Amino acid sequence: GGEVDVQKAGLMGFTCMCDRRRRLGGKGTVVMPTRVVFKILESALSSSSNGDLLSCLMAAIWVLFADTDRSEAQKIDIAELGQRILEPFLASNDVGHQANGLNGMAALLACSTKAAARMLQLSQVPFTAIMQSIQRPAPGPEGKAAQGYAVDCFFLATGDVATRQAIIGCGGIEILIMALGDGQEGSSGQMHAKLMAVLSILAAHNKDVREEIFDRIDFMVQLRFALDSARESANAARAADKEAKKDRKGAPTMLEARRLLRALCESCACLTIHGEFKEVLFSSKKTLKAIQDLPNAQDLAEDPQLAFFYASIVYNLCRSTEDKMRPKKDQFPYSEMNDDDLNAIEEFYEKMPQEGRPVKNGEVDAGSKELAAKLRAWCVLESGKKVASNGAATAPGAGSSLVGHLGKCAAIGSVRVKNLAAFVMKFLCQEKEHRPHIVASGGVRTLLGLVDLEEETARDAARQALAQICIVTNPSMMNYSEQLDSVRPLLQLFEHRHELLQFEGAMALTNLLGANDELRSRAVQGGGWGSCKDLLFSDNEKVQRAGVEAMCNLCLAPEVLELFAEGKGELEIKIFISFSASEDVQMALASSGALAMLASCDPVAEQIVKHEKVEVLFDTLAAAEHPGVQHRVVAVLGHLFACEECPEELKTKIKGALQAKEKKGLQSPEAASIVKELLQSA
């Protein structure tokens, strides 16, 4: 017992020394692979029976060796160093020694995947040891441990294209599938999940490999089991951390659990690029639900890389071949990303198989628009529901879980994640019936965080999605801050070069402005009145009409009434009078409605009665057939008649116009009532 304790104490002591040196950063002495360090590592690898302690030690020493803050003379080739330290143990016939060597190899892969991947290419020994330990594990706990470390090695190494190709070329798929079958009977769910993560990445390598794997196993069932196991492992790790248990009773650390979540999300992100996989996935609703539920909101809020993979999955699901939105690499955001973001993006695309990498010419078949429409509907309408054993959605959830998760990704993610989230929100908002569910799931707040993105296409996508929501949503369904914050991005759409975005922005603002005076004041203070007026000079009649409708709702703002009362609205009065006679009924309704609201204010009515075009309203009334237009024009004339500044000559003409229209017949009961009351009082 004493000897074991001394060994354990020695491992812990040296690990603590390494960790303390790591914390010093650039202030500490550079760690070199001296004879003393080699002796310590050799002793630890040859005698340790505590896998967890050895993992900590090897991880700590690899981190120090991989430190790049070194002089030219102090630089180390980690791949060659790893081969020198680990190969004797990987080649050993002693199962315990080989297990420790694989443990050290897994730690090196976790620390520096590139260096470890190059080590696999320097010699056949590491690769052979990994393959044999997975295929034919030795009996007993040491053999099982060796198999687990070997699976970890493949799990961590498959991001490297050359390693992935080597696994495929030497029959690794057969070995992994056999181990997967064994894992269902004896191995932990976590090992099964790691094996499936490896197979999933391999399946994304190319079509032939994918077909082979799909033919050999029920891929969707196995993937769902892996996803469920990974989620349970994360929950167990979270619970153990919360209770601060020293004895975790088999629960992984949060670092290990998140690594598995990232690997599975990464493999799903690669697979969902392909339309053929999405077709199969859509028919397996429980697996689709398992992918969506894999990380929880806390995971996404705390792990930016996981947020990127999750956002990529959702983007791939919602995208069809016809949706080509990926920005060029020589344009923003790539041109202005910081080093960490650029490295993360490039590492992700480097890991992806050539077939799976997004390309400019759209060669990858992302699936039909019909498939994309079905997946978008699922994301909004069914992702928050439970799934029955037959795959059907059952009890409704509170909004869309997926939209809520996407909001977490956008809140903490990189520029690329925010761009992806903006495109996804645009996809989801295209169908009118989706928009209330998106609002209920916090989608408005998510979009408000995306409306100022630097990349134009993503920024436009977010603003357009926000506009489409505001067009059909009762403003009361949004909270007060969301209402106010929506005004500026909607007004910015008025200046867009595309008429559709101008139109949708104006329609959205029109609906929003009906909520309260504060919103109208916010719009006026933001230049909304002038922006609306600019739309009236568009060549597109629908854009003109949307501009008039927005101005109609702005007429209630005190700032606008003051502008007219001071005589600064002559052009607008002329425009409203002119458009009141439009053959476009909606345009006529909006224009005459604006005049009616303005004329109800006595100081403004005084300005209208002085206007040179006021008598055009008589012709407008005579020609008006629509009840709504009749009502509004009659209301305008009634307010003008009651104005103290209205000349007697104009009053006489107003009475004559109203009598003539009454005699001809009014279709509007409201207009008829106004005319009757005015003529009786006159």
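Residues numbered from 1 in each chain as written. Predicted model: local features only at pLDDT ≥ 70, side-chain atom pairs only at ≥ 80, totals over all residues. Heavy atoms only, no water.

*Asks:* Residue-level account of the overall build of the protein chain, with values.
*Replies:* Regarding its fold elements, the protein chain presents 38 helices and 0 strands. Across the 682 residues of the protein chain, 53% fall into the buried class. Of the contacts made within the protein chain by residues no fewer than 6 positions apart, 71% connect residues no fewer than 24 positions apart. With the model as given, the accessible surface of the protein chain reaches about 30400 Å², and the carbon-plus-sulfur share is 49%. (Helix = DSSP H or I, 4+ residues; strand = E, 2+ residues; numbered from the N terminus. Buried < 20%, exposed > 50% of the residue type's maximum accessible area, 1.4 Å probe, protein only. Contact = heavy atoms within 4.5 Å. Areas by Shrake-Rupley, 256 points an atom, 1.4 Å probe, with all protein chains shown as cover.)

*Asks:* I'd like a description of the environment of Leu571, backed by residues and values.
*Replies:* Along the chain, Leu571 turns up in helix α32 (residues 570-579). Remark: the alpha-carbon pair of Leu571 and Lys533, spanning 38 residues in sequence, is separated by 9.7 Å.

*Asks:* Account for the pattern of salt bridges, with residues named and values stated.
*Replies:* All told, the structure shown has 24 salt bridges when counted by the stated rule. For the salt bridge of Glu72 with Lys75, the shortest nitrogen-to-oxygen distance reads 3.3 Å. Taking the shortest distance from any N to any O, the salt bridge between Asp299 and Arg258 comes out at 2.8 Å. Here the residue Asp299 occupies a position in helix α17 (residues 297-302), and Arg258 occupies one in helix α14 (residues 254-271), the gap between them amounting to 41 residues. For the pair formed by Asp299 and Arg258, the shared burial category is buried. (Salt bridge = Lys/Arg side-chain N within 4 Å of Asp/Glu carboxyl O.)

*Asks:* Before we move on, could you go through the packing of aromatic side chains and cite the residues and values that matter?
*Replies:* Scanning all chains against the criterion turns up 9 aromatic pairs. Where Phe214 meets Phe219, the ring centres are 4.5 Å apart and the plane angle is 25°; that geometry is what we call stacked. Taking the relative accessible area as the measure of exposure, Phe219 reaches 3% and is therefore buried. Among the aromatic residues, those joined into a ring-pair cluster are Phe214, Phe219 and Phe277. (Phe/Tyr/Trp six-rings, centres within 6.5 Å; stacked < 30°, edge-to-face > 60°.)

*Asks:* I'd like a rundown of the packing of α14 against helix α18 (residues 304-318), residues and numbers included.
*Replies:* The geometry of α14 relative to α18 is characterised by a closest axis approach of 9 Å and an angle of 25° between their N-to-C directions. By the angle between their axes, α14 is roughly parallel relative to α18. The handedness of the crossing between α14 and α18 is left-handed. Residues Leu261, Arg262, Cys265, Glu266, Cys268 and Ala269 of α14 form the contact with α18, whose participating residues are Gln305, Leu306, Phe309, Ser312, Ile313 and Asn316. Partitioning the contact of α14 with α18 into residue classes produces 7 nonpolar, 3 polar and 2 charged. (Axes fitted to C-alpha atoms, helices over the stretch in contact; angles between N-to-C directions. Parallel < 35°, antiparallel > 145°, perpendicular 65-115°, else oblique. Left-handed = near helix turned anticlockwise from the far one by under 90°. Nonpolar A, V, L, I, M, F, W, Y, C, P; charged D, E, K, R; others polar.)

*Asks:* I'd like to hear about the nonpolar core, residue by residue, with values.
*Replies:* Ranked by size, the top nonpolar core spans 219 residues in total, and within it Phe65, Phe576 and Leu640 carry the most contacts. Other than its neighbours up to four places away in sequence, Leu640 contacts Ala599, Ala605, Ile608, Val609, Val614, Leu617, Cys646 and Ile654. (Core = buried A, V, L, I, M, F, W, Y, C linked by side-chain atoms within 4.5 Å.)

*Asks:* Please set out the side chain of Arg545 residue by residue, giving values where relevant.
*Replies:* Tracing the chain through its elements places Arg545 in helix α30 (residues 541-554). We classify Arg545 as buried; its relative accessible area is 18%. The contact partners of Arg545, leaving out residues within four places of it in the chain, are Asp584, Gln586 and Met587.

*Asks:* Hey, could you go over a negative patch on the surface for me, with residue numbers and the actual values?
*Replies:* The grouping of Asp208, Glu211, Glu212 and Asp215 at the surface amounts to a negative patch. One can find Asp215 in helix α12 (residues 207-216). (Patch = residues over 30% accessible without salt bridge, like charges linked within 9 Å, V, L, I, M, F, W, Y side chains within 5 Å. Lys, Arg positive; Asp, Glu negative; His and termini not counted. Charge placed at Lys NZ, Arg CZ, Asp CG, Glu CD.)

*Asks:* Kindly report on helix α37 (residues 648-664), identifying the contributing residues and their values.
*Replies:* Under the 1.5 Å per step criterion, the end-to-end length of α37 is 24 Å for 17 residues, consistent within 8% with the ideal 24 Å. Among all positions in α37, only Leu650, Lys651, Ile654, Ala657, Leu658 and Lys661 are buried. Summarising the axial view, the buried residues of α37 lie within an arc of 125°, below the 170-degree limit, and thus occupy one face. For α37, the exposed residues lying more than 90 degrees away from the buried face are Glu648, Glu649, Thr652 and Lys663. Summarising the contacts, the buried residues of α37 are in contact with α34 (602-609), α35 (616-623), α36 (627-642) and α38 (669-681). Remark: Gly665 follows α37 within two positions and exhibits a positive phi of approximately 115°. (Expected span 1.5 Å × (residues − 1). Arc of directions from axis to C-beta.)

*Asks:* Which residues make up helix α26 (residues 480-493), and what values do they have?
*Replies:* Along its length, α26 reaches its greatest deviation from straightness, about 25°, at Val487, and the proline Pro489 lies no more than four positions downstream. In this fold, the buried residues of α26 make contact with α24 (443-448), α25 (456-472), α27 (499-513), α28 (517-525) and α29 (528-535). (Bend = angle between axes of the 7 residues up to and from the residue.)

*Asks:* Before we move on, can you summarise the confidence of the model for the protein chain with the specific residues and values?
*Replies:* Scored by pLDDT, the protein chain comes out at a mean of 86, with 89% of its residues at no less than 70. Helix α19 (residues 339-351) is the least confidently modelled element of the protein chain, averaging 59 in pLDDT, while α25 averages 96, the highest of any element. Taken as a whole, residues 183-187 scores under 50 in pLDDT and shows 5 contacts with residues more than four places along the chain or in a different chain. The low-confidence segment residues 394-398, where pLDDT is below 50, has 10 contacts with residues more than four positions distant or belonging to other chains. (pLDDT = per-residue confidence, 0-100.)

*Asks:* How would you explain the environment of Ala193 if you had to name every residue and give the values?
*Replies:* Position of Ala193 among the secondary structure elements: in helix α11 (residues 189-203). Among the residues examined, Ala193 registers a relative accessible area of 0% and is labelled buried. Those residues within four positions of Ala193 in sequence are excluded, and the remaining contacts are Ala226, Ser229, Ala230, Leu260 and Leu264.

*Asks:* Account for the environment of Ala115, with residues named and values stated.
*Replies:* Inspection of the secondary structure puts Ala115 in helix α6 (residues 113-122). Ala115 sits in the buried class, given a relative accessible area of 12%. In the structure, Ala115 is positioned 37 residues away from Ile78 in sequence and 5.9 Å away in space, judged by C-alpha atoms. Once residues lying within four places of it in the same chain are set aside, the contact partners of Ala115 are Ile78 and Ala79.

*Asks:* Can you explain the packing of helix α3 (residues 51-65) against helix α4 (residues 78-90)? Please cite residues and give values.
*Replies:* α4 packs onto α3 with a crossing angle of 145° between their chain directions and a minimal axis gap of 11 Å. For the crossing formed where α3 meets α4, the hand is right-handed. The residues of α4 that touch α3, namely those facing Met58, Trp62 and Phe65, are Ile78, Leu81, Gly82, Ile85 and Leu86. A per-class count over the contact of α3 with α4 returns 7 nonpolar, 1 polar and no charged.

*Asks:* Give me the state of the cysteines: which residues, what numbers.
*Replies:* Applying the stated rule across the entire model yields 0 disulfides. The thiol of Cys268 is unpaired, and the distance to the nearest cysteine sulfur, on Cys265, comes to 6.5 Å. Using a relative accessible area of 1% as the deciding quantity, one classes Cys268 as buried. Left without a disulfide partner, Cys470 is nearest to the cysteine sulfur of Cys429, which lies 9.8 Å away. For Cys470, a relative accessible area of 2% corresponds to the buried category. (Disulfide = S-S within 2.5 Å.)

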